[in-house]
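Below are the chains, spelled out letter by letter.
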Amino acid sequence: MVLFSLVATHADIDLETVAQLSNGSSGIAASALTESPAVAGAVVLATCNRYEIYGEAPHPDDVEAARAALVSRISEASGLAESLVSRSFSTRTGKEVTQHLFAVSAGLDSAVVGEREIAGQVRRALITAQHDGTASAGLVRLFQAASKTAKDVGAQTALGSRGLSIVSVALDLATDLSENPDWSAKKVVLFGTGAYAGATMALLRERGCTDISVYSSSGRAEGFVASRGGVALNADSLRPAVAAADVMIGCSGSDTRVEADELAQVRAGSPQPLIAIDLALTHDFDPAVGELEGVELLTLESVRLAAPQEQAESLAQASGIVKGAAKAFEQEREARSVDSAIVALRRHTMNVLDAEMEKVRARHGCTAAAEEVEFALRRMVKQLLHVPTVRARELAANGQQDDYVAALEALYGITVEQPAAPAPPAVVEAECPVDHNGRETA
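What counts and how
Residues numbered from 1 in each chain as written. Predicted model: local features only at pLDDT ≥ 70, side-chain atom pairs only at ≥ 80, totals over all residues. Heavy atoms only, no water. Helix = DSSP H or I, 4+ residues; strand = E, 2+ residues; numbered from the N terminus. Contact = heavy atoms within 4.5 Å. Buried < 20%, exposed > 50% of the residue type's maximum accessible area, 1.4 Å probe, protein only. Core = buried A, V, L, I, M, F, W, Y, C linked by side-chain atoms within 4.5 Å. Axes fitted to C-alpha atoms, helices over the stretch in contact; angles between N-to-C directions. Parallel < 35°, antiparallel > 145°, perpendicular 65-115°, else oblique. Left-handed = near helix turned anticlockwise from the far one by under 90°. Nonpolar A, V, L, I, M, F, W, Y, C, P; charged D, E, K, R; others polar. Salt bridge = Lys/Arg side-chain N within 4 Å of Asp/Glu carboxyl O. Lys, Arg positive; Asp, Glu negative; His and termini not counted. Polar contact = N/O pair within 3.5 Å; in protein donor to acceptor, adjacent residues only side chain to side chain. Phe/Tyr/Trp six-rings, centres within 6.5 Å; stacked < 30°, edge-to-face > 60°. Lys NZ or Arg CZ within 6 Å of the ring centre and 35° of its normal. UniProt positions renumbered as here; feature names shortened; annotations may be inferred.

### Side note on the environment of Ala145
Its place among the elements puts Ala145 in helix 7 (residues 137-156). Expressed as a C-alpha distance, the spacing of Ala145 and Gln99, which sit 46 residues apart in the sequence, is 11 Å. Discounting chain neighbours no more than four positions away, the residues touching Ala145 are Phe102 and Phe329.

### Regarding the environment of Leu84
Relative to the helices and strands, Leu84 is located in helix 4 (residues 82-88). Among the residues examined, Leu84 registers a relative accessible area of 29% and is labelled partly exposed. Along the backbone, Leu84 and Leu21 are 63 residues apart, and their C-alpha atoms lie at a distance of 9.6 Å.

### Topic: the nonpolar core
The nonpolar side chains of soluble globular proteins are, as a tendency, buried together. Core analysis: the biggest nonpolar cluster contains 61 residues, and Leu21, Tyr51, Leu190, Ile249, Ile277 and Leu279 have the highest contact counts within it. Beyond its immediate sequence surroundings of up to four residues, Ile277 is in contact with Ala170, Leu171, Ala174, Val247, Met248, Ile249, Gly250, Phe285 and Leu298. Counting 28 residues, the second largest nonpolar core, distinct from the first, contains Val97, Leu101, Phe143 and Ala146.

### A few points about the packing of helix 5 (residues 95-105) against helix 7
Orientation of helix 5 relative to helix 7, taken along the N-to-C sense of each, is 45 degrees, at an axis distance of 8 Å. As summarised for this structure, helix 5 and helix 7 are arranged oblique, according to the angle between their axes. Crossing of helix 5 against helix 7: the hand is right-handed. Listed contacts from helix 7 to Val97, Thr98, Leu101, Phe102 and Ser105 of helix 5 are Leu142, Phe143, Ala145, Ala146, Ser147, Thr149 and Ala150. For the contact of helix 5 with helix 7, the residue count by class is eight nonpolar, four polar and no charged.

### Things to note about the pattern of salt bridges
Summed over the entire model, instances satisfying the criterion amount to 14 salt bridges. Of the charged contacts in the structure, one is a salt bridge between Asp109 and Arg50, with a shortest N-O distance of 3.1 Å. A residue pair is termed long-range when its members are at least 10 positions apart, and Asp109 in the loop between helix 5 and helix 6 (117-132) and Arg50 in strand 3 (residues 50-57) qualify at 59 residues. Taking the shortest distance from any N to any O, the salt bridge between Arg257 and Glu259 comes out at 3.0 Å.

### With respect to the packing of helix 6 against helix 7
Across the interface, helix 6 lies against helix 7 with an axial gap of 9 Å and an inter-helix angle of 160 degrees. Taken as axis vectors, helix 6 and helix 7 run roughly antiparallel relative to one another. By crossing handedness, the relation of helix 6 to helix 7 is classed as left-handed. The segment helix 6 lies against helix 7, with Ala119, Val122, Arg123, Ala125, Leu126 and Gln130 engaging Leu139, Val140, Phe143, Gln144, Ser147 and Ala150. Residue composition of the contact of helix 6 with helix 7, grouped by class: eight nonpolar, three polar and one charged.

### A few points about the side chain of Arg67
Along the chain, the position of Arg67 falls in helix 3 (residues 63-78). One buried charged side chain, Arg67, makes no salt bridge at all; its nearest oppositely charged neighbour is Glu64, positioned 5.0 Å away. A polar side-chain atom of Arg67 sits 2.9 Å from the main-chain carbonyl oxygen of Ser86. At 2.9 Å, the side chain of Arg67 forms a polar contact with the backbone oxygen of Phe89.

### What about the packing of aromatic side chains?
Throughout the structure, instances matching the rule amount to five aromatic pairs. Each ring, one from Phe102 and one from Phe329, has its centre 5.9 Å from the other, and the planes form 65 degrees; the classification is edge-to-face. Residue Phe102 is found in helix 5, and its partner Phe329 is found in helix 15 (residues 312-337); the two are separated by 227 residues along the sequence. Note on accessibility: Phe102 and Phe329 belong to one class, buried. Across from the ring centre of Trp183, 5.6 Å away, lies the NZ or CZ of Lys186, which sits over that ring.

### Side note on the UniProt feature "binding site: substrate" (unreviewed entry) in the chain
Taken from the UniProt record, the annotation "binding site: substrate" (unreviewed entry) applies to Thr47, Cys48, Asn49, Arg50, Ser110, Glu115, Arg116, Glu117 and Gln121. Residue placement: Thr47 occurs in the loop between strand 2 (41-46) and strand 3. Within the secondary structure, Ser110 sits in the loop between helix 5 and helix 6. Once residues within four sequence positions are removed from consideration, Ser110 is found in contact with His10, Arg50, Glu115 and Ile118.

Written out as structure tokens, the structure is:
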């Protein structure tokens with residue numbers, strides 16, 4: 001079994017392409033597993049600025065076929081040409097997969113370096129895959145180790161103490177642009193009721209903002225404000241709320257967006273300027289609203305450019321933790337890869353021994369002599385298995401575990417079975433502000 005990943009992020013392509021690629025992402029893993037034997041497992045990580053698919057293939061030779069199957073499914077779901085989809089994704093295999101995911105989970109590959117939101121998104125990507133039945137045992141271990149590494153980075157470095165996030169940087173930008181930096185005096189309209197909207201609400205409260213209205217195109221605003229506070233808006237009350245707002249924040253990623261012409265009509269005659277913060281990858285606000293008089297538009301790209309540079313010492317420490325964890329994971333994985341082979345060899349050998357002892361007992365009965373023969377044979381088998389067991393560990397450490405498995409099959413006809421993936425835990429709603437099926441995140 002070999003791990004691989006397809007990666008498309010803000011660092012390599014524009015965010016609009018990332019958004020287009022991720023359309024319909026929730027069904028990609030299941031359909032690829034159903035249609036291609038080259039895909040043994042898959043976990044999809046789709047966030048504001050990245051779309052990554054982690055997979056497991058039966059053999060290194062299957063990776064290209066697995067990639068082609070996933071690219072084909074993404075092309076169908078997104079409506080983009082296969083050639084464009086293929087160019088948009090870089091492919092990693094083996095140790096590069098582990099190193100990259102651990103860095104992503106720790107926030108080292110984020111637009112806001114050190115942000116903590118991504119760790120929850122990585123964790124929930126695994127939960128979703130387990131619930132859908134697409135997470136193989138190898139991928140479960142990979143994502144669990146990535147989550148543990150993220151916790152270690154957060155606990156052991158200054159990156160975790162700063163509490164940076166995309167939302168916090170966006171609010172900092174809005175503060176700098178405001179004539180009055182006092183959030184307690186601001187009226188805010190929040191679009192969306194998902195986990196990202198909840199995080200935004202919490203940060204607004206921390207900054208002293210109390211006048212917060214919430215709109216949801218799916219009609220979930222009432223339930224959202226019931227537990228978090230604020231005022232629920234409907235289609236009729238939304239227009240006057242936007243007209244009076246100082247700040248509006250988009251976190252829904254729904255099909256319905258605020259168009260520039262409509263906003264211009266609503267804001268006609270409003271005396272105060274408006275700051276529009278669009279945190280949805282698929283845009284809650286028409287990009288043209290930034291051209292309207294009296295409106296400042298902040299986007300994910302604005303956040304990326306304004307994100308503070310972390311101190312070199314903190315980054316070096318965090319990178320060291322990530323590299324150490326990735327190395328330890330790979331060593332453990334290599335050793336584990338032959339565990340099933342060792343067990344299969346022992347089982348095969350003991351089955352042969354038990355069959356021979358049945359013949360001895362059938363001929364001589366359960367005599368003391370038969371017991372002595374059995375004791376001697378079991379001791380001999382144990383000694384004979386010692387060297388193959390040691391060699392298995394040595395080969396695994398050198399990345400040659402496949403040679404060992406192939407030798408068992410060629411010499412003894414032993415088929416090594418891979419362990420099943422653990423059962424999924426309870427499903428928890430995703431933290432990404434965008435539902436990549438085009439619906440607002442609940």
